[in-house]
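Each chain, letter by letter, is given below.
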Amino acid sequence: MRILFCTDGSEIGLNALHNASMYFSKAIVDPICVVDWSFLPTSMNIDTANYSKAYENIADSILVFAENLIKEKGLQMGEKIKTFGSAVEGVLEQMTKEKYDLVLLGSHGKKGLQKWLGSVSRQVISNSQVPVFVSKKRTKSKKILLTVDGSEQSYNAVKQASKLLDLKDREIFIISVKENPELLPMEASMDRNWLDSIEKQQKIHATKAINKAKALLEQNGVNIQNEIILTGNPAPKIIEFAEKEKIDLIIMGARTKTDLSKLLLGSVSKRVLENIESDVLVISK
């Protein structure tokens, strides 16, 4: 397995490697450090040569620290990558140069307009065909939540996750969230028999989704301890459940979206990523 580890030297960034390394023992890790100058005012006068040299030295130090951590975790050191420019563009460009199985990065979280436009992690996920593992803090890496909705994306996430990560000897939860039919327009929700029929069909659909995901996991020797069907809006329900159960890692499938309007509105996976402190593994196809 080959991994691209995105690091800026911060503790949050290093948490991604620490947490993810608990799920595998063999991997080649390429650390990448992108020095982003985009925050500088265009009118600012600087000594370009000295400024560049100073930040190259900082990037070199960050990469050396990352190398030591990679070796400390018992993983194989790959290529040290240092680039300048936009963090998102630098990471995505490197992903086109080499074939990676997983991308690791930390998320500092954004507020207001920055959050709405998207953090580095959100933009990388939106444009990546490679699974992305995002961390915000250190976790125990013991409790895993897989979400399924009956779509091929969710089943693909289950299959890929069980191949990428060692999920044995973990406490595994599978949940499926069914919509609440009582939230339909009043004239429709007043028909009790119709509502009962819809709710029954949704429960059957959710049960089938969970059973199919269980079968996929069992093929890879992963046993499931907890199966849960929830009712309501998927993103808030997943977030509420993960916080209540103190989940360490949430595994989700997602469609890759590049259209700006879709990016701004956000999918369930991106809404979960923005509002949870658990690690999140997003697998897009």
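Note that the structure is predicted; figures quoted are calculated from it, not measured. (Residues numbered from 1 in each chain as written. Predicted model: local features only at pLDDT ≥ 70, side-chain atom pairs only at ≥ 80, totals over all residues. Heavy atoms only, no water.)

Caption draft 1: Looking closely at the overall build of the protein. The number of helices and strands found in the protein is eleven helices and eleven strands. Each of the 285 residues in the protein was classed as buried or not, and the buried ones make up 48%. For the protein, long-range pairs separated by at least 24 residues make up 83% of all intrachain contacts whose partners lie at least 6 apart in sequence. Element-wise, carbon and sulfur atoms account for 50% of the exposed surface of the protein, whose accessible area totals about 14,800 Å². (Helix = DSSP H or I, 4+ residues; strand = E, 2+ residues; numbered from the N terminus. Buried < 20%, exposed > 50% of the residue type's maximum accessible area, 1.4 Å probe, protein only. Contact = heavy atoms within 4.5 Å. Areas by Shrake-Rupley, 256 points an atom, 1.4 Å probe, with all protein chains shown as cover.)

Caption draft 2: Structural detail: helix H3 (residues 87-97). The set of residues buried in H3 consists of Ala87, Val88, Gly90, Val91, Gln94 and Met95. Where H3 is buried, its residues meet strand E1 (2-6), strand E2 (28-35), strand E4 (81-84), strand E5 (102-106) and helix H5 (120-126). Where H3 begins, one side-chain oxygen reaches toward the backbone nitrogen of valine 88, 3.4 Å away; that side chain belongs to serine 86. (Polar contact = N/O pair within 3.5 Å; in protein donor to acceptor, adjacent residues only side chain to side chain.)

Caption draft 3: Looking closely at helix H9 (residues 234-245). Taking 1.5 Å of rise per residue, twelve residues should cover 16 Å, and H9 covers 16 Å from first to last C-alpha, within 8% of that figure. What H9 keeps buried is the set Pro234, Ala235, Ile238, Ile239, Phe241 and Ala242. The buried residues of H9 occupy an angular sector of 165 degrees when the element is viewed end-on, so they sit on one face. Tucked into the core, H9 has its buried residues touching strand E7 (143-147), strand E8 (171-178), strand E9 (226-231), strand E10 (249-254) and helix H11 (268-274). Of the residues one or two after H9, lysine 246 is the one with positive phi, at around 55 degrees. (Expected span 1.5 Å × (residues − 1). Arc of directions from axis to C-beta.)

Caption draft 4: How the structure looks around the nonpolar core. Ranked by size, the top nonpolar core spans 41 residues in total, and within it Phe24, Leu104 and Leu281 carry the most contacts. Here leucine 104 is in contact with Ile3, Leu4, Phe5, Cys6, Ala16, Leu17, Ala20 and Phe133, once residues within four sequence places are set aside. Counting residues in each nonpolar core, the second largest holds 35 residues, with Val34, Val132, Val134 and Leu273 among its members. (Core = buried A, V, L, I, M, F, W, Y, C linked by side-chain atoms within 4.5 Å.)

Caption draft 5: Broad picture of unusual backbone geometry. In this structure, serine 141 is a non-glycine residue whose phi angle is positive, near 55 degrees. Mapped onto the elements, serine 141 comes out in the loop between strand E6 (132-135) and E7. The class for serine 141 is buried, based on a relative accessible area of 0%. Here the phi dihedral of lysine 246 falls at roughly 55 degrees; this positive angle occurs in a residue that is not glycine. With respect to the element layout, lysine 246 can be found in the loop between H9 and E10.

Caption draft 6: Geometry of the environment of asparagine 127. Here asparagine 127 shows up in the loop between H5 and E6. Note on asparagine 127: relative accessible area 39%, which makes it partly exposed. Distance from asparagine 127 to serine 284, taken between C-alpha atoms, is 9.1 Å for residues 157 residues apart in sequence.

Caption draft 7: Expanded view of the side chain of lysine 178. Its location among the elements puts lysine 178 in strand E8. In this structure the side chain of lysine 178 is engaged in a polar contact, spanning 2.9 Å, whose partner is the side chain of threonine 231. Dropping the residues within four chain positions of it, lysine 178 is found in contact with Glu199, Gln202, Lys203, Ile229, Leu230, Thr231 and Gly232.

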